[in-house]
Amino acid sequence: MGGDGLLLIMVTVILVLGVCNAKLSGGFYKESCPDAKRIARKITWARAATNPDLGAKLLRMHFHDCFVRGCDASILLDSDGSIEVEKDTIPNGSLSGYDVIDDIKHDLEKVCPGVVSCADILALAARDAVSFPFKKLLWKVQTGRRDGNISLASEANANLPSPFADFATLKQLFADKNLDVRDLVILSGAHTLGVAHCATFATTRLYEFNTNGDIDPSLDSSYAEVLKTKCPNPSNSETTVEMDPDSSTSFDNNYFSIVLQNKGLFQSDAALLTDTQSANIVTRLQQTNNFTQKFGNSMIKMGAIQVLTGDAGQIRTNCRLVNS
């Protein structure tokens, strides 16, 4: 074989290896830190036992991380005072649960220093917190992510789907992350957990739709009146309401029933019914008994958005700070 042929084979092998190394896997820490997943689960479940909202909090944090620069834990970085980071934006101002990630990282650094990334910890903790009430893991988490060293407020504002977004905007934002309409609808099902601040929906949907003082016609009028009693105008910035009425601590497909009743809290929820394909998916998910499986599949896709692997990025020692 000539030198050119041998060189071609070597390049091909390198490229193939590079692709393989870039993939996440379920057993990434099997040799380097075999107790990583157990430690993350133990801490998360202990915290979830006293905080029933933890699943919603960490799920939202993981989502907000992955949609900006990919799943690289950039959402966890604190500002050094010179520039606004993702945490400093309005969409991320209400995020919480950072202390849980800190606790997991602290314990893992004692056992496997410099091995487990903050990005993987966040992905595991989000899954584990949602899974806690079931006492079993609801979906598999692929690991092998590395941590980014850049966090910019401007990128968060540009990439995070808004609660005021219409369907076309939502579809494009998800498509930009290689997520399709099915993923968009399924992942919207995360709104079955947790609460929302009145400021994220009340003004536009209850009082000033189209700036003329009307209620958003896509919102059930009776439900709108109920919401008005909870979110007066102007409302207290700290006031919250359930996103999935009477079911906000249960991870189930009830959210899709709410949407079909025109009781989705956000304009982005109501937008799912404005597209034929999306509306059909909402209806099927409302009728299905395997929402959890479908949600897990979409979470695996979301968890692989623009991940850093191999030699890219770093493994932060402190999830809030870039390594010096």
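Just above, that's the structure.
Presented here is a report on the structure given in the accompanying data block. (Residues numbered from 1 in each chain as written. Predicted model: local features only at pLDDT ≥ 70, side-chain atom pairs only at ≥ 80, totals over all residues. Heavy atoms only, no water.)

1. Remarks on the overall build of the chain
Here comes step 1: Scanning the chain from N- to C-terminus turns up 14 helices and two strands.
Here comes step 2: Computed over the C-alpha atoms, the radius of gyration of the chain is 21 Å, within 12% of the 20 Å expected from 2.2 N^0.38 for a compact globule of 324 residues.
Here comes step 3: Based on the C-alpha atoms only, the size of the chain along its principal axes is roughly 75 × 45 × 45 Å.
Here comes step 4: Residues classed as buried in the chain amount to 46% of the 324 residues present.
Here comes step 5: Across the chain, every contact between residues at least 6 apart in sequence was considered, and the portion connecting residues at least 24 apart equals 73%.
Here comes step 6: Accessible surface, the chain: about 15,400 Å² in total, of which carbon and sulfur atoms supply 53%.
Here comes step 7: Each charge class in the chain was averaged separately, 31 positive and 37 negative side chains, and the resulting centres sit 8 Å apart. (Helix = DSSP H or I, 4+ residues; strand = E, 2+ residues; numbered from the N terminus. Rg over C-alpha atoms; globule rule 2.2 N^0.38 Å. Buried < 20%, exposed > 50% of the residue type's maximum accessible area, 1.4 Å probe, protein only. Contact = heavy atoms within 4.5 Å. Areas by Shrake-Rupley, 256 points an atom, 1.4 Å probe, with all protein chains shown as cover. Lys, Arg positive; Asp, Glu negative; His and termini not counted. Charge placed at Lys NZ, Arg CZ, Asp CG, Glu CD.)

2. So, the pattern of salt bridges
Here comes step 1: On inspection of all chains with the given rule, the structure shows 14 salt bridges.
Here comes step 2: Ionic pairing is found between Asp 120 and Arg 145, a salt bridge with its closest N-O pair at 2.7 Å. On the criterion of sequence distance, the pair formed by Asp 120 in helix H5 (residues 118–131) and Arg 145 in the loop between H5 and helix H6 (153–159) is long-range, its members being 25 residues apart.
Here comes step 3: Overall, Asp 120 belongs to the buried group, its relative accessible area being 0%.
Here comes step 4: By relative accessible area, which is 4% here, Arg 145 ends up buried. (Salt bridge = Lys/Arg side-chain N within 4 Å of Asp/Glu carboxyl O.)

3. A few points about the nonpolar core
Here comes step 1: Leu 58, Met 61, Leu 76, Ile 101, Phe 295 and Met 302 are the most contacted members of the largest nonpolar core, which has 74 residues in total.
Here comes step 2: When neighbours within four sequence positions are excluded, Leu 76 is seen to be in contact with Met 61, Lys 87, Tyr 98, Ile 101, Cys 118, Arg 316, Cys 319 and Arg 320.
Here comes step 3: Of all hydrophobic cores here, the second largest spans 15 residues; its members include Phe 201, Leu 219, Tyr 223 and Leu 265. (Core = buried A, V, L, I, M, F, W, Y, C linked by side-chain atoms within 4.5 Å.)

4. Some thoughts on the packing of helix H3 (residues 54–66) against helix H4 (residues 98–111)
Here comes step 1: One can describe the packing of H3 onto H4 by two numbers: an axis separation of 10 Å at closest approach and a directional angle of 80 degrees. Relative to H4, H3 is oriented roughly perpendicular. Residues Leu 54, Leu 58 and Met 61 of H3 form the contact with H4, whose participating residues are Tyr 98, Val 100 and Ile 101.
Here comes step 2: For the contact of H3 with H4, the residue count by class is six nonpolar, no polar and no charged. (Axes fitted to C-alpha atoms, helices over the stretch in contact; angles between N-to-C directions. Parallel < 35°, antiparallel > 145°, perpendicular 65-115°, else oblique. Nonpolar A, V, L, I, M, F, W, Y, C, P; charged D, E, K, R; others polar.)

5. Some words on the side chain of Gln 267
Here comes step 1: Note on placement: Gln 267 falls in helix H12 (residues 267–270).
Here comes step 2: Setting aside anything within four residues of it in sequence, one finds Gln 267 in contact with Pro 163, Phe 164, Ala 165, Thr 204, Arg 205, Phe 209 and Asp 216.

6. With respect to the layout of surface pockets
By rolling a water-sized probe across the atoms, one finds the places where empty space is left.
Here comes step 1: Here the largest pocket defines a volume of roughly 1,200 Å³.
Here comes step 2: Taken together, 41 residues form the lining of the largest pocket, with Arg 60, His 64, Pro 91, Ser 94 and Phe 266 sitting closest to its centre.
Here comes step 3: When residues of the lining of the largest pocket are traced back to their parent elements, those giving at least two are H3, helix H7 (167–175), helix H8 (181–188), strand S1 (195–197), H12 and helix H14 (291–302).
Here comes step 4: The element contributing the most residues to the lining of the largest pocket is H3, with six residues.
Here comes step 5: Taken together, the residues that form the lining of the largest pocket break down as 26 nonpolar, 11 polar and four charged. (1 Å grid on protein atoms, 1.4 Å probe; cavity = no way out; pocket = protein on both sides within 12 Å on 5 of 7 lines; lining within 4 Å. Points joined across faces, edges and corners; volume = space filled by probe spheres on them.)

7. Some remarks on the packing of aromatic side chains
Two measures describe an aromatic ring pair: the distance that separates the ring centres and the angle between the ring planes.
Here comes step 1: Counted under the stated rule, the structure contains 11 aromatic pairs.
Here comes step 2: Here Phe 63 and Phe 174 contribute two aromatic rings whose centre-to-centre distance is 6.2 Å and whose plane-to-plane angle is 50 degrees, an arrangement assigned as tilted. In this pair, Phe 63 sits in helix H3 while Phe 174 sits in helix H7, placing the two residues 111 residues apart along the sequence. Neither residue differs from the other here; Phe 63 and Phe 174 are each classed as buried.
Here comes step 3: Ring geometry for Phe 291 against Phe 295: centres 5.6 Å apart, planes inclined by 55 degrees, an arrangement best described as tilted. One end of the pair, Phe 291, and the other, Phe 295, are both in helix H14, four residues apart, so they sit about a helical turn from each other. Neither residue differs from the other here; Phe 291 and Phe 295 are each classed as buried.
Here comes step 4: Taken together, the ring pairs connect Trp 139, Phe 251, Tyr 255, Phe 256, Phe 291 and Phe 295 into an aromatic cluster.
Here comes step 5: In this structure, Lys 87 packs its charged tip against the face of Tyr 98, placed 4.3 Å from the ring centre. (Phe/Tyr/Trp six-rings, centres within 6.5 Å; stacked < 30°, edge-to-face > 60°. Lys NZ or Arg CZ within 6 Å of the ring centre and 35° of its normal.)

Functional significance is not addressed by these values, which are geometric in nature.
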